[in-house]
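The chain contents come next:
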Amino acid sequence: MHAIEAHGLTKTFGETRALDGLDLVVPRGSIVGVLGPNGAGKTTAVRVLTTLLRPDGGTAHVDGIDVVADPRRVRTRIGLTGQYAAVEERLTGRENLELVARYFHLPPDRIRGRAAELLERFDLVEAADRQANGYSGGMRRRLDIAMSLIAKPSVLFLDEPTTGLDPRSRLGMWDVIEELGNEGTTVLLTTQYLEEADALADSITVIDRGTKIAEGTADELKDQIGGDRIRVSIADPANAERAKAALAPLATGPVELDAGSTTTMSAPIRAGGGVVPQAIRALDDAGADVLDVEVRRPTLDDVFLTLTGRRADTDTEVGA
Amino acid sequence: MTATETPIDTLIDVDAPPSGIGPALADAWTEARRHLMVIPRNPELLVFSTIQPVMFVLLFNYVFGGSIQIPGFDSYEQYLMPGIFAQTVVFGSSFTAVGIAEDLSRGLIDRLRSLPIAQSSVLVGRTLSDLVRNAFTFVVMLAVAFLVGFRFGGSLLGALGATALLLFFSYSFSWIQAFIGLSIGSVEAAQSAGFIWMFPLTFVSSAFISTDTLPGWLQAFADVNPFTVLTNAARALYNGNDPGNELWLAIAWATGITVVFSTLAIRKFARATG
Ligand SMILES: Nc1ncnc2c1ncn2[C@@H]1O[C@H](COP(=O)(O)OP(=O)(O)OP(=O)(O)O)[C@@H](O)[C@H]1O
Ligand SMILES: [Mg+2]
């Protein structure tokens, strides 16, 4: 049984097909990144999976429970941190946590204990008894996530958890998410940040216009568009053929001299690293005096561009 | 990092989420408590929401007090004040629309809807806490009315009955406002949408004048206006007169509005924010 299993989800708002046959399978205990530009349908997908929105079509199960048929039971298993930090501004951090704990009908000492635990864990002890309207964006986000963890959900949904955070808070948030993943919580996280999905997620689902356009680990996605490329410069043009021959076994495609150059060549290689030392050794053995070796790893931006013809952060079409 | 299979020890039993009337009431109380805790921390809002009715009491009393004679009442205060009380409690219900629109736009409604609680609890808690707020405003206003010469003309029991009737009406209107707040979602829009229609409702009525003075078609509206019914019943009780049928009619209106609009609002809530 998977933590999340959705098939053919559709949802239309007026003319907009927010979800257009979305499939999503998330194994238990993994962190999945749902990556897509503005309006791709990320929030809509999260809202359907967290029982807030009824899909027009398709099926979705969370922890094996049907979100449409049995929303109440689904809600016992999930935690939701929406796109906008949902905290009660005029209550303190502690009161916000206790509020949610009360809703879960925990016994009184457990309410206090759980709130204290989470304040500690999310580094909010000092701010615990201050009203949340004085919190920084990062603190508010941490409180927001803490609130969704009160009952120890087995599946946690985070809708753009780092949008609007400064770089330091973002890294802090990454640690938190990573740790939850290590503890066995299944995390579905949506993001527009390519490096975020790359850093956190065990697997990434790229969605655009309400459907999945690619899926896999960051490395797999990069391989889909040709993987990494190695680029080698040597001192003497006379050694070019020898160098090409030395690189050939490491390459996944032809080794070619760069346009207009007699000493710089590049080739596609498999993703995953380890190629540079091998390349240097091979070139040395072949007697080609190496000046420079670099490996360019495609970013998820490149992936998105290749898959959709658009950059992830804008809506402008780039070429065709 | 690879996927682990460590089971998560959820603190609540998936197969037996709290259900039934007991937990639902507890949830409603949790929600009401949240709003009640916030009220004293936002004193500006409380002060301004109290100033408005107090100002109405003073303005109407001193501006119109000398010029309006109502047959059967020895002073305009005795006629006017119950009308202002009624208008105030009904206006006060608009806080419900604004509060819900605020919770919607801040994502709090989403958070609450993702919890395994009775969906109706959120609105029941909200309307009950607004009732408490309106009762507070009412007490302040009543004190000011006493200062300008208003007196209970009948028994204390009658006055308590009138007050209970007014607050019941206010409560029923909170459900209309809950429905409006859920339908609109934006705080600014809810502010006007919750308020604007109450002006004709309360002014084209017997609250400030005797409806006999109105032109025919307006008078026809004023006479069937539930707000007129409410005002007349409360006015009779505060002055020690017999409210007659209007008492039962007023109770029937408040009950009907509560039943219809709580059903609509709770249904809307359950599939809110499409
Ligand atoms: N309640 C709604 N009413 C009308 N249209 C909606 C509604 N919710 C979403 N949409 C539309 O559906 C599409 C998908 O929206 P969604 O919010 O799921 O995208 P998203 O990927 O979360 O975008 P963002 O990165 O901006 O948060 C968008 O075109 C959006 O305008
Ligand atoms: Mg979104």
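Further up the page is the structure itself.
Keep in mind that this is a model prediction, so the values were computed, not measured. (Residues numbered from 1 in each chain as written. Chains lettered and ligands numbered in written order. Predicted model: local features only at pLDDT ≥ 70, side-chain atom pairs only at ≥ 80, totals over all residues. Heavy atoms only, no water.)

Observations regarding the overall build of chain A
Consideration 1: Helix and strand counts for chain A stand at 11 helices and 14 strands.
Consideration 2: Across its three principal directions, the C-alpha atoms of chain A cover 80 × 45 × 35 Å.
Consideration 3: Scored against the burial criterion, the 320 residues of chain A give a buried share of 53%.
Consideration 4: Once local pairs closer than 6 in sequence are excluded, the contacts in chain A between residues at least 24 apart make up 67%.
Consideration 5: Entry remark: accessible area of chain A is about 13400 Å², with carbon and sulfur atoms responsible for 48%.
Consideration 6: Considering chain A, the positive charge centre built from 37 side chains and the negative charge centre built from 50 side chains are found 6 Å apart. (Helix = DSSP H or I, 4+ residues; strand = E, 2+ residues; numbered from the N terminus. Buried < 20%, exposed > 50% of the residue type's maximum accessible area, 1.4 Å probe, protein only. Contact = heavy atoms within 4.5 Å. Areas by Shrake-Rupley, 256 points an atom, 1.4 Å probe, with all protein chains shown as cover. Lys, Arg positive; Asp, Glu negative; His and termini not counted. Charge placed at Lys NZ, Arg CZ, Asp CG, Glu CD.)

Looking at the interface of chain A and chain B
Consideration 1: Facing 52 residues of chain A, the contacting portion of chain B comprises 43 residues.
Consideration 2: Both faces considered, chain A and chain B share a buried interface measuring about 4300 Å² in area, 56% of it formed by carbon and sulfur atoms.
Consideration 3: On the chain A side of the contact with chain B, A:R72, A:R90 and A:Y103 bury the most area, a combined 18% of that side's loss.
Consideration 4: The tally of links between chain A and chain B comes to five salt bridges. (Buried area = accessible area lost by both parts, 1.4 Å probe. Salt bridge = Lys/Arg side-chain N within 4 Å of Asp/Glu carboxyl O.)

A few points about the pairing of strand β8 (residues 186–191) of chain A
All names here are of chain A.
Consideration 1: Among the six residues in β8, six count as buried, and that is most of the element.
Consideration 2: Here strand β3 (residues 31–35) pairs with β8 via five bridges, running parallel. In the sheet register, I31 faces β8, and the bridge partner there is V187.
Consideration 3: The β-α-β motif built from strand β7 (residues 155–159), the intervening helix α6 (residues 167–183) and the parallel element β8 has right-handed crossover chirality. (Pairing = 2+ DSSP bridges. Right-handed = clockwise from strand over helix to strand, strands pointing away.)

Side note on the sheet that holds strand β4 (residues 57–62) of chain A
Residues and elements named next belong to chain A.
Consideration 1: Ordered by their spatial adjacency, four strands build an open sheet running β2-β1-β4-β5, and the pairing between neighbours is antiparallel. Both outer strands of the open sheet, β2 (16–26) and β5 (65–66), are each paired with one neighbouring strand and no more.
Consideration 2: With eight bridges connecting them, strand β1 (residues 4–13) and β2 associate as antiparallel partners. What sits directly across from A6, in β2, is L24.
Consideration 3: Contacts from helix α1 (residues 42–49) reach β1, β2 and β4, with the element oriented near 60° to β2. (Axes fitted to C-alpha atoms, helices over the stretch in contact; angles between N-to-C directions.)

With respect to the site of ligand 1
Consideration 1: Taken together, 15 residues surround ligand 1, and among them A:N38, A:G39, A:K42, A:T43 and A:T44 come closest.
Consideration 2: Mapping the residues adjacent to ligand 1 onto the chains of the assembly identifies chains A and B.
Consideration 3: Between A:N38 and ligand 1, the recorded distance is 2.8 Å, taken from a side-chain N or O atom to an oxygen atom.
Consideration 4: In the environment of ligand 1, an oxygen atom lies 2.9 Å from a nitrogen or oxygen atom belonging to the side chain of A:E160.
Consideration 5: Compared with its free state, where it exposes 630 Å², ligand 1 has 64% of that area covered by protein.
Consideration 6: By residue number, the principal contributor to the shell around ligand 1 is α1(A), which donates three residues. (Near = heavy atom within 4 Å. Polar contact = N/O pair within 3.5 Å; in protein donor to acceptor, adjacent residues only side chain to side chain.)

With respect to the coordination of the magnesium ion (ligand 2)
All names here are of chain A.
Consideration 1: The coordination sphere of the magnesium ion (ligand 2), as far as protein atoms go, consists of T43 (OG1) and Q83 (OE1), spread over 1.8 to 2.2 Å. Taken together, the positions of T43 in helix α1 and Q83 in the loop between β6 (78–81) and α3 (93–103) put the pair 40 residues apart, joining distant regions of the chain.
Consideration 2: On the basis of relative accessible area, Q83 is assigned to the partly exposed category, the value being 27%. (Donors = N, O, S within 2.8 Å, 3.2 Å for Na, K, Ca; no water.)

Focus on helix α4 (residues 108–121) of chain A
Since the α-helix turns once every 3.6 residues, residues separated by three or four places project in the same direction.
Residues and elements named next belong to chain A.
Consideration 1: Here α4 is 14 residues long and its end C-alpha atoms lie 20 Å apart, about the 20 Å a rise of 1.5 Å per residue gives.
Consideration 2: Turning to α4, its buried residues number three or more, namely I111, R114, A115, L118 and L119. On an axial view of α4, the arc spanned by its buried residues comes to 135°, and they lie on one face. Opposite the buried face of α4, at more than 90 degrees from it, the exposed residues are D109, R112 and E120.
Consideration 3: In this fold, the buried residues of α4 make contact with α3 and α5 (137–148).
Consideration 4: Count one or two residues on from α4 and you reach D123, which has phi positive near 60°. (Expected span 1.5 Å × (residues − 1). Arc of directions from axis to C-beta.)

A closer look at the packing of aromatic side chains
Consideration 1: Under the criterion given, the structure shown has 19 aromatic pairs over all chains.
Consideration 2: Summarising the aromatic geometry, the rings of B:F179 and B:F261 are spaced 6.2 Å apart at their centres and angled 70° between planes, so their arrangement reads as edge-to-face. With B:F179 in helix α7 (residues 156–184) and B:F261 in helix α12 (residues 245–270), this residue pair connects regions lying 82 residues apart in the sequence.
Consideration 3: A residue is classified by how much of its surface remains accessible, and B:F179, at 25% relative accessible area, is partly exposed.
Consideration 4: Judged by its relative accessible area of 22%, B:F261 falls in the partly exposed class.
Consideration 5: Grouping aromatic residues by their ring pairs yields a cluster made of B:F56, B:F60, B:F91, B:F195, B:F199, B:F203 and B:F208.
Consideration 6: The ring of A:Y193 has A:R170 sitting right over it, with the charged end atom 4.0 Å from the ring centre.
Consideration 7: The cationic tip of B:R235 hangs over the ring face of B:Y79; the distance from NZ or CZ to the ring centre is 3.4 Å. (Phe/Tyr/Trp six-rings, centres within 6.5 Å; stacked < 30°, edge-to-face > 60°. Lys NZ or Arg CZ within 6 Å of the ring centre and 35° of its normal.)

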